[in-house]
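One-letter residues, chain by chain:
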Amino acid sequence: MGKRCAVAGCSNSTKTGHSVHLFPKVERQRVLWIRFVKLTRVDFSEPSKNSAICSAHFSDECYEVDRIKFKELFGLSTSKRLLPNSVPSIYPKRSADVLNEGFIAEPKKKLRTSAALQKRERVKILQELLYNPPNEETKNPPELIPTVPMLIDDENANPSLEPSADQESPVHVCNKSVPSLVSPEQDTPVCSNSVPSPVSPESDKPIYSINASKGCNSDSQETTHSKEIEKVNVTNSQKTADSQTATVSTQRRFRSARIQVHPKTKEKCTQADFQPRYRSMAIQCDLIPTPHQPQPADNTTERVQQHANDIEHIIPDDPVISDDPEDLPYEPSLSDSSDSGGSDDSHNELETGLQEKKYIVSEDQLMDLFKICRKCCGCAIATISQIVGTLIKVEVKCELCSDSYVWHSQSFFGSVPTGNLAVSSAILFSGALPTKVLRFMNFMNIATISNQTFFNHQRHFLYPAVVRFWKHQQTQHVARYRDGRESLVIGGDGRADTPGHSAKYGSYSMVDLNQGVVIDVQLVQSNEVKSSNAMEKEGLIRALKWIDDNNLSVKTLVTDQHLQIVKYVREKEPHIKHYFDVWHVAKGLKKKMVKLSKETDCAKVGEWIKSITNHIYWVAASTPAGDGEEMVSKWLSVANHVQNIHTGHSDTFPSCKHRRLVGRDRKKKWLKPGSKACVKLEELLTATRLKTSVRKLSPIHQTSDVEAFHSTINHFAPKMIGFSFHGMNCRLLLAALHFNENSGRPQAMTEDGVARYNILFPKYKSGGYITREKKINQSFRYINTLMKSVGKIVEGTNMRQSPKVPMQAPRPLCAEYIHPLKTDAILEMQSRFRKPEM
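Treat the numbers as computed from the prediction; the structure is a model and nothing was measured.

Participant: Any chance you could explain the overall build of the chain here in plain terms?
Facilitator: Secondary structure assignment for the chain yields 24 helices and 21 strands. Relative to its full complement of 838 residues, the chain shows a buried share of 42%. The contacts in the chain between residues at least 6 apart in sequence include a share of 66% that link residues at least 24 apart. When the accessible surface of the chain is totalled, it reaches about 48800 Å², and 51% of it is carbon and sulfur.

Next comes the structure, spelled out in structure tokens:
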């Protein structure tokens with residue numbers, strides 16, 4: 001079925017030689033098309049899928065003229081194609097009376113008989129078609145308003161909207177079509193939001209000034225149309241040869257439903273502003289809205305904000321400082337926006353390239369954007385001439401006008417594409433493994449960087465940025481304790497990079513137990529000490545030296561039972577109060593009791609393992625002063641307790657603190673004195689080394705924060721992967737930055753303000769469960785500062801020069817061995833299953 005024009009009085013179709021255009025799907029442009037048809041048809045509400053407007057209602061500026069001439073040159077079909085955002089502006093050329101008669105004709109559908117309903121329908125139609133009624137501001141405008149000539153019946157009138165020579169104010173081009181009213185006295189159209197203005201000498205037609213702030217704002221129309229509709233009655237009081245004047249009558253009255261709108265008011269397709277808010281080369285719209293981030297309910301928001309304030313108070317989230325005295329301190333503003341205009345700073349360009357949104361686009365869809373010449377809209381040939389990691393270079397040349405240009409998919413910072421640097425930064429700062437991430441992207445056939453490019457970026461840019469930011473945070477924490485009013489209570493522990501005794505690296509972590517933040521991490525390579533077992537002691541020595549170099553005083557040190565560390569602190573650091581972590585002591589004792597319970601006639605010991613383990617925690621917690629002799633007396637009482645002896649333990653601790661156990665309180669059987677199980681358990685509980693450990697149990701602070709930090713390290717540096725010295729150190733510092741920002745997170749709350757918990761079933765519980773507080777989500781604010789640190793370092797770094805690493809790496813483990821020639825090694829290679837050469 002052929003499509004006909006929907007404009008009243010027009011029956012053009014493809015059979016009459018006209019091009020027919022369906023209504024657009026873009027909502028804003030579609031509304032303008034509907035309004036154009038409504039000015040000729042009062043019964044037109046919503047277009048159907050076959051509704052269209054013919055080419056007779058569009059100006060020549062709305063069509064691709066160059067493309068039509070090009071097709072005519074080669075004898076091709078010259079079907080007209082509209083430019084994007086085109087709007088119809090030409091009405092049928094008939095007199096106003098004929099148009100008004102056709103416009104005010106009764107609709108074909110039967111009207112409702114109720115007078116009230118008919119009145120509401122009339123008001124609704126008026127609200128849809130008319131602009132704001134004149135108010136006090138339009139009656140008495142405070143300043144001169146630009147004027148627009150209104151075209152009337154004269155078909156020979158100049159349709160241009162340019163101002164006349166005598167007109168002082170510039171012409172205001174309205175983005176919407178301006179309806180006009182025809183008074184019953186004459187056929188002169190008047191804009192509903194206009195005031196009289198002198199006429200142009202060239203045109204014998206009156207000119208009316210339009211209030212741009214009201215007549216062109218469709219949003220204000222909807223709010224003001226709820227009031228009663230006022231109609232303007234314009235009469236010409238007199239006409240002279242030199243001038244004309246128009247009298248505006250603001251008499252309020254109720255008119256009939258016959259809308260007296262002159263449909264000949266013209267507008268050009270260029271008057272519609274459909275330009276997107278954000279513009280970039282080849283991308284002309286924002287298709288993906290910013291996702292809505294749900295806000296925590298009730299007091300969870302306050303708890304999150306309080307946590308952020310605590311983190312800033314402990315370790316402020318300031319930009320990094322430089323180790324080089326010649327380099328000025330890098331202090332960018334954290335509140336700067338990445339898309340602030342008017343700046344040519346290359347650092348801001350890098351921040352935009354690193355932090356702006358990026359999308360995955362297939363090659364075919366991307367190349368479709370270059371098939372049309374941007375200058376003449378002719379056919380263009382585009383080829384991908386170069387691929388550098390995530391960067392692609394496209395060369396475009398037009399076949400018609402020979403215009404050519406080169407397009408890059410991302411910006412540069414010096415010679416480094418920002419997308420390549422963003423990939424390397426994201427891999428390292430998230431703790432991911434470059435081999436797996438890049439392999440994943442290769443499996444998806446996404447253009448990406450190589451492993452060597454990542455390591456180059458890590459060596460030149462990323463590792464120095466992490467070290468500089470970490471040292472800045474250390475400086476902030478040192479300033480808190482440098483005045484000497486408060487002493488440090490630190491917990492320390494070592495960590496090997498691999499399980500067993502074949503570790504290559506050993507790291508030692510120092511945690512401020514009062515604040516719950518990491519203050520120092522030392523990395524030791526095994527060839528720097530005698531053996532792998534000595535790396536933990538060397539790490540402690542370096543950490544204590546760093547504390548001494550920064551003029552800090554350590555009051556308490558909590559560690560595990562490492563013998564080398566115990567001796568070193570006792571002999572070299574006698575002023576430090578050294579305690580043992582209760583969990584490490586209880587864990588070692590539990591292993592021995594489990595082994596004892598598996599022996600013959602000792603199964604009853606297994607029933608007492610949990611009680612004895614809990615007892616050692618009670619010994620430390622019930623002695624806040626840390627008196628070693630009192631803790632030993634409390635501990636030795638358990639050897640009598642398991643034999644049902646509850647008094648006469650010692651002078652310091654004469655009797656048990658529990659109530660009398662009768663009935664169901666006695667869940668376990670007492671051990672018989674003199675039995676094998678009782679004798680061996682008593683020997684285990686009263687061992688000299690165990691009593692020494694109990695004497696030094698920490699009564700208040702434990703190393704649980706240190707163990708939690710080591711769990712965080714496993715996410716950034718898994719033990720199954722081997723890293724370089726600088727790569728390992730970088731990942732340790734990243735884990736410390738992440739831990740310091742999220743260690744003190746508050747507990748999450750429900751919408752009703754109830755604290756949230758998780759129930760877990762760990763393996764060591766053998767079917768038992770534990771209840772743990774559910775924390776709020778992690779934050780990653782330190783990543784933004786690291787990205788800015790990378791930008792500062794990229795500015796002054798040359799990739800062709802040797803990188804300035806923050807610390808010197810030790811010699812490789814294989815440096816002490818003799819390296820043979822590869823050809824000799826191949827010849828000497830032997831195998832029991834090697835096939836003999838023929």
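Further notes follow.
Participant: It is not clear to me how the pattern of salt bridges should be interpreted in this structure. Could you clarify?
Facilitator: Pairing between side chains becomes possible if they bear opposite charge and their charged atoms approach one another. Per the counting criterion, the structure on display carries eleven salt bridges. Between Lys775 and Glu773 there is a salt bridge whose closest N-O contact spans 3.2 Å. Among the ionic contacts, a cluster of salt bridges with common partners joins Glu528, Glu538 and Arg542.

Participant: Teacher, can you tell me more about a positive patch on the surface here?
Facilitator: Together, Lys590, Lys610, Lys667 and Lys765 give the surface a local cluster of positive charge. When you line up the elements, Lys765 lands in the loop between strand S20 (757-760) and strand S21 (770-773). Look at Lys765 and you get partly exposed, because its relative accessible area is 35%.

Participant: I would appreciate a short explanation of the sheet that holds strand S12 (residues 404-408) in the present structure.
Facilitator: Pairing within the open sheet is antiparallel, and its three strands lie in the order S10-S11-S12. Since the sheet does not close on itself, it has two edges, and those belong to strand S10 (380-388) and S12, each with one partner. Neighbour to neighbour, the strand axes of the sheet diverge by 20 degrees on average, direction disregarded. Across five bridges, the pairing between strand S11 (residues 391-398) and S12 is antiparallel. Looking across to S12, one finds that Val394 is bridged to Trp407.

Participant: How should I be thinking about the packing of helix H11 (residues 418-429) against helix H13 (residues 451-481) in this particular structure?
Facilitator: A pair of packed helices is characterised by two quantities: the angle between their axes and the separation of those axes. Contact geometry for H11 and H13: axes closest at 10 Å, N-to-C directions at 65 degrees. Relative to H13, the element H11 lies roughly perpendicular. Seen from above, H11 lies across H13 with right-handed handedness. Between H11, through Asn420, Leu421, Ser424, Ser425, Ile427, Leu428 and Phe429, and H13, the contact on the second element is made entirely by Thr453, Phe454, His457, Gln458, Phe461, Leu462 and Val466. Grouping the constituent residues of the contact of H11 with H13 by class yields eight nonpolar, six polar and no charged.

Participant: I'm lost on the packing of aromatic side chains in this one. Help?
Facilitator: Any pair of aromatic rings gets described here by the distance separating the centres and the angle formed by the planes. Within this structure, the stated rule accounts for 13 aromatic pairs. An angle of 55 degrees between the planes, with centres 5.1 Å apart, marks the rings of Phe370 and Trp407 as tilted. One end of the pair, Phe370, is in the loop between helix H10 (363-368) and S10; the other, Trp407, is in strand S12, and 37 residues separate them in sequence. Both residues of the pair, Phe370 and Trp407, belong to the buried class. Three or more aromatic residues joined by ring pairs form one cluster here, namely Phe23, Trp33, Phe44, Phe58 and Tyr63.

Participant: Just to check I follow, could you spell out a nonpolar patch on the surface for this structure?
Facilitator: Together, Ile360, Phe440 and Met444 line one region of the surface with nonpolar side chains, adding up to about 350 Å² of accessible area. Tracing the backbone shows Ile360 in the loop between helix H9 (346-355) and H10. Overall, the relative accessible area of 69% leaves Ile360 in the exposed class.

Participant: Sorry, what's going on with the packing of helix H14 (residues 535-549) against helix H15 (residues 563-572) here?
Facilitator: As a packed pair, H14 and H15 sit with axes 9 Å apart at the nearest point and diverge in direction by 35 degrees. H14 and H15 meet at a crossing whose hand is right-handed. Between H14 and H15, the contacting residues are Glu536, Lys537, Leu540, Ile541 and Leu544 on the first element and Gln564, Ile565, Tyr568 and Val569 on the second. Looking at the contact of H14 with H15 residue by residue, the class counts come to six nonpolar, one polar and two charged.

Participant: What am I meant to see in the sheet that holds strand S16 (residues 505-512) here?
Facilitator: Picture the strands of a sheet paired through backbone hydrogen bonds; they go either parallel or antiparallel. Read from one edge to the other, the open sheet built from five strands follows the order S17-S16-S15-S18-S19, with strand pairing classed as mixed. Two strands in the sheet have a free side with no partner beyond their single neighbour: strand S17 (517-525) and strand S19 (577-580). When strand polarity is set aside, the average angle formed by the axes of neighbouring strands in this sheet is 25 degrees. Bridge count for strand S18 (residues 554-559) against S19 is four bridges, and the pairing is parallel. When the sheet's bridge partners are listed, Leu557 is paired in S19 with His578. Of the strands in this sheet, S16, S18 and S19 touch H15, which is tilted by about 160 degrees from S19.

Participant: Whenever I open this one, helix H21 (residues 704-716) confuses me. Can you help?
Facilitator: Given 3.6 residues per turn, any residue in an α-helix points the same way as the ones three and four places further on. In this model, H21 (13 residues) spans 19 Å end to end at C-alpha, consistent with the 18 Å of a helix rising 1.5 Å per residue. The set of residues buried in H21 consists of Val706, Phe709, His710, Thr712, Ile713 and Phe716. Burial along H21 is one-sided: seen end-on, the buried residues are contained in an arc of 160 degrees. Seen from the buried face of H21, the exposed residues on the opposite side, beyond 90 degrees, are Ser704 and His715. Packed against the buried residues of H21 are H11, strand S15 (488-496), S16, S17, helix H22 (725-742) and helix H23 (782-795).

Participant: Which parts of the structure should I look at to understand the side chain of Ser637?
Facilitator: With respect to the helices and strands, Ser637 occurs in helix H18 (residues 628-641). Engagement of the side chain of Ser637 in a polar contact is seen with the backbone oxygen of Lys634, the distance being 2.5 Å. In this view, Ser637 contacts His615, His649 and Phe653; residues no more than four positions away in its chain are not counted.

Participant: Got a minute to help me understand unusual backbone geometry in this structure?
Facilitator: Most peptide bonds take the trans form, and the phi angle of most residues other than glycine is negative. If you check the backbone angles, Cys377 has positive phi at about 65 degrees while not being a glycine. Note that Cys377 resides in the loop between H10 and S10. The backbone of Asn644 shows a phi angle near 70 degrees, a positive value even though the residue is not glycine. Here Asn644 is to be found in the loop between H18 and helix H19 (676-685). A residue is classified by how much of its surface remains accessible, and Asn644, at 40% relative accessible area, is partly exposed.

Participant: What is the right way to read the nonpolar core from this model?
Facilitator: When a protein is soluble and globular, its nonpolar side chains tend to lie buried together. Grouped together as the largest cluster of nonpolar side chains are 53 residues, with contacts concentrated most on Phe429, Phe461, Val518, Phe709, Leu734, Leu786 and Val790. Here the element with the most residues in this core is H22; it accounts for ten residues. Once residues lying within four places of it in the same chain are set aside, the contact partners of Phe429 are Leu462, Val466, Phe716, Leu734, Tyr782, Ile783, Leu786, Met787 and Val790.

Participant: Please explain the environment of Leu685 as it appears in this structure.
Facilitator: Topologically, Leu685 is positioned in helix H19. The buried category is assigned to Leu685, whose relative accessible area is 2%. The spacing of Leu685 and Val638 is 47 residues in sequence and 8.2 Å in space, taken between C-alpha atoms.

Participant: I'm lost on the environment of Arg495 in this one. Help?
Facilitator: Tracing the backbone through its elements, the reader meets Arg495 in strand S15. In this structure, the C-alpha to C-alpha distance between Arg495 and Tyr505, residues ten residues apart in sequence, is 8.5 Å. Residue contacts for Arg495: discarding those within four places in its chain leaves Tyr505, Gly506, Ser507, His710, Ile713, Asn714, Ala717, Lys719 and Met728. A distance of 3.1 Å separates a polar atom in the side chain of Arg495 from the backbone oxygen of Ala717.

Reading the values: the criteria
Residues numbered from 1 in each chain as written. Predicted model: local features only at pLDDT ≥ 70, side-chain atom pairs only at ≥ 80, totals over all residues. Heavy atoms only, no water. Helix = DSSP H or I, 4+ residues; strand = E, 2+ residues; numbered from the N terminus. Buried < 20%, exposed > 50% of the residue type's maximum accessible area, 1.4 Å probe, protein only. Contact = heavy atoms within 4.5 Å. Areas by Shrake-Rupley, 256 points an atom, 1.4 Å probe, with all protein chains shown as cover. Salt bridge = Lys/Arg side-chain N within 4 Å of Asp/Glu carboxyl O. Patch = residues over 30% accessible without salt bridge, like charges linked within 9 Å, V, L, I, M, F, W, Y side chains within 5 Å. Lys, Arg positive; Asp, Glu negative; His and termini not counted. Charge placed at Lys NZ, Arg CZ, Asp CG, Glu CD. Pairing = 2+ DSSP bridges. Axes fitted to C-alpha atoms, helices over the stretch in contact; angles between N-to-C directions. Parallel < 35°, antiparallel > 145°, perpendicular 65-115°, else oblique. Left-handed = near helix turned anticlockwise from the far one by under 90°. Nonpolar A, V, L, I, M, F, W, Y, C, P; charged D, E, K, R; others polar. Phe/Tyr/Trp six-rings, centres within 6.5 Å; stacked < 30°, edge-to-face > 60°. Expected span 1.5 Å × (residues − 1). Arc of directions from axis to C-beta. Polar contact = N/O pair within 3.5 Å; in protein donor to acceptor, adjacent residues only side chain to side chain. Core = buried A, V, L, I, M, F, W, Y, C linked by side-chain atoms within 4.5 Å.

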